[in-house]
Every structure is written in structure tokens, then in C-alpha cells.
Amino acid sequence: MKKILDEANILLNQIIGSKEEAIRLTGKLLVENGYVNEDYIEKMLQREELSTTYMGNGVAIPHGTEDAKKEVNYSGISIVQVPEGVDFGTGEHAKILFGIAGKDGEHLELLSQIAILCSEEENVQKMLEVSSKQELIALFEEGN
């Protein structure tokens with residue numbers, strides 16, 4: 001069984017110039033670690049065109065469209081920490097990006113776990129202040 005969140009799925013202290021670059025990076029981590037096929041990234045970009053995946057509190061949760069399910073091999077989460085933030089439109093800056101892919105309907109559960117964790121601004125701040133991938137995983141697991 002593949003772990004949903006692994007150190008290989010996390011990037012800390014990134015500088016990202018655009019929303020598209022941010023979405024591609026979160027998707028690339030999922031592709032590189034076998035969670036999804038390459039086509040999933042395009043589905044993530046299509047999903048963003050429908051409505052923003054920026055959730056508030058400095059958090060965005062890029063994920064694929066409904067028809068992207070066939071591109072998912074395993075449920076997984078990628079996390080990209082962007083301390084300076086990346087503009088997700090309308091002046092909203094995402095500092096923590098969660099790329100998600102859910103197998104067999106698990107994406108709603110993953111979205112829910114992330115939403116609960118990130119509803120507390122102090123949790124988002126803690127995620128921005130971690131200095132290691134292990135700390136970030138511990139925060140995520142503690143919150144769920």
C-alpha cells in the first residue's frame with residue numbers, strides 16, 4: 001500500500017512565479033512518485049479554469065477534474081511550501097499548496113482532511129515555519 005503523503009511528495013521553500021507553474025509543480029510531484037499519470041496535470045489545469053482551488057488562509061488545493069479519475073493510480077497528496085506566496089488570482093496568494101489525487105472516491109476525504117487542518121490559521125502558519133519534511137508530515141498527521 002502506497003503512503004498518501006511521503007517525504008518525496010513535499011517541497012519546502014519554493015519560489016513560484018505563476019498559478020500555472022504552481023499547479024504543474026504539485027502535479028509533477030504526484031506524477032514522479034507514481035500516484036497519477038502525466039495527463040493528470042492537464043486535468044488539474046482544466047479544473048482550475050472552472051473555479052479557483054484557492055481556499056483562503058493562504059492555502060490552495062489543486063486537483064483534477066471529475067474525468068481525471070482514470071489518471072489516478074493511487075491516492076496521494078503533494079505539498080509545496082511557498083513562503084512568499086504565489087498569486088492565485090484576485091490578489092489571493094497561496095503559500096501552502098496541496099496537490100491531491102483520490103482513487104475510488106477518496107478525493108473528498110482528502111479535501112475534507114486538508115480543509116479541517118487549514119481552517120485554523122495557526123496550523124497554516126506552523127506549516128510555513130517547518131524546517132523539515134518530517135515536521136510537515138507530523139503536522140499533517142497530527143491534524144488528522
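These notes cover the structure that comes with them. (Residues numbered from 1 in each chain as written. Predicted model: local features only at pLDDT ≥ 70, side-chain atom pairs only at ≥ 80, totals over all residues. Heavy atoms only, no water.)

### As for the packing of helix H1 (residues 19–32) against helix H2 (residues 39–50)
Here comes step 1: Between H1 and H2, whose axes approach to 9 Å, the crossing angle comes to 145°. The interaxial crossing formed by H1 with H2 has right-handed handedness. For the pair H1 and H2, the contacting residues are Lys 19, Glu 20, Ile 23, Arg 24, Thr 26, Gly 27, Lys 28, Leu 30 and Val 31 in the first and Tyr 40, Ile 41, Glu 42, Met 44, Leu 45 and Glu 48 in the second.
Here comes step 2: Here the residues of the contact of H1 with H2 sort into seven nonpolar, two polar and six charged. (Axes fitted to C-alpha atoms, helices over the stretch in contact; angles between N-to-C directions. Helix = DSSP H or I, 4+ residues; strand = E, 2+ residues; numbered from the N terminus. Left-handed = near helix turned anticlockwise from the far one by under 90°. Contact = heavy atoms within 4.5 Å. Nonpolar A, V, L, I, M, F, W, Y, C, P; charged D, E, K, R; others polar.)

### Some points on the side chain of Lys 43
Here comes step 1: For Lys 43, the position within the fold is in helix H2.
Here comes step 2: Since its relative accessible area comes to 15%, Lys 43 is described here as buried.
Here comes step 3: Of the polar contacts made by the side chain of Lys 43, one reaches the side chain of Asp 67; its length is 3.1 Å.
Here comes step 4: The residues touching Lys 43, leaving out its near neighbours within four places in the chain, are His 63, Gly 64, Thr 65, Asp 67, Ala 68 and Lys 70. (Buried < 20%, exposed > 50% of the residue type's maximum accessible area, 1.4 Å probe, protein only. Polar contact = N/O pair within 3.5 Å; in protein donor to acceptor, adjacent residues only side chain to side chain.)

### Structural notes on the packing of aromatic side chains
Here comes step 1: Considering all chains together, one arrives at one aromatic pair under this definition.
Here comes step 2: When the ring of Phe 98 is compared with that of Phe 140, the centres are 6.3 Å apart and the planes differ by 40°; the resulting orientation is tilted. Taken as a pair, Phe 98 in strand S5 (residues 93–101) and Phe 140 in helix H5 (residues 133–143) lie far apart in primary sequence, 42 residues in all.
Here comes step 3: For Phe 98, a relative accessible area of 0% corresponds to the buried category. (Phe/Tyr/Trp six-rings, centres within 6.5 Å; stacked < 30°, edge-to-face > 60°.)

### Details of unusual backbone geometry
Here comes step 1: Non-glycine residue Asn 13 carries a positive phi angle of around 50°.
Here comes step 2: With respect to the element layout, Asn 13 can be found in the loop between strand S1 (10–11) and H1.
Here comes step 3: Given the relative accessible area of 54%, Asn 13 is considered exposed.
Here comes step 4: Unusually for a residue other than glycine, Asp 104 sits at a positive phi of about 55°.
Here comes step 5: With respect to the secondary-structure elements, Asp 104 resides in the loop between S5 and helix H3 (107–118).
Here comes step 6: Judged by its relative accessible area of 73%, Asp 104 falls in the exposed class.

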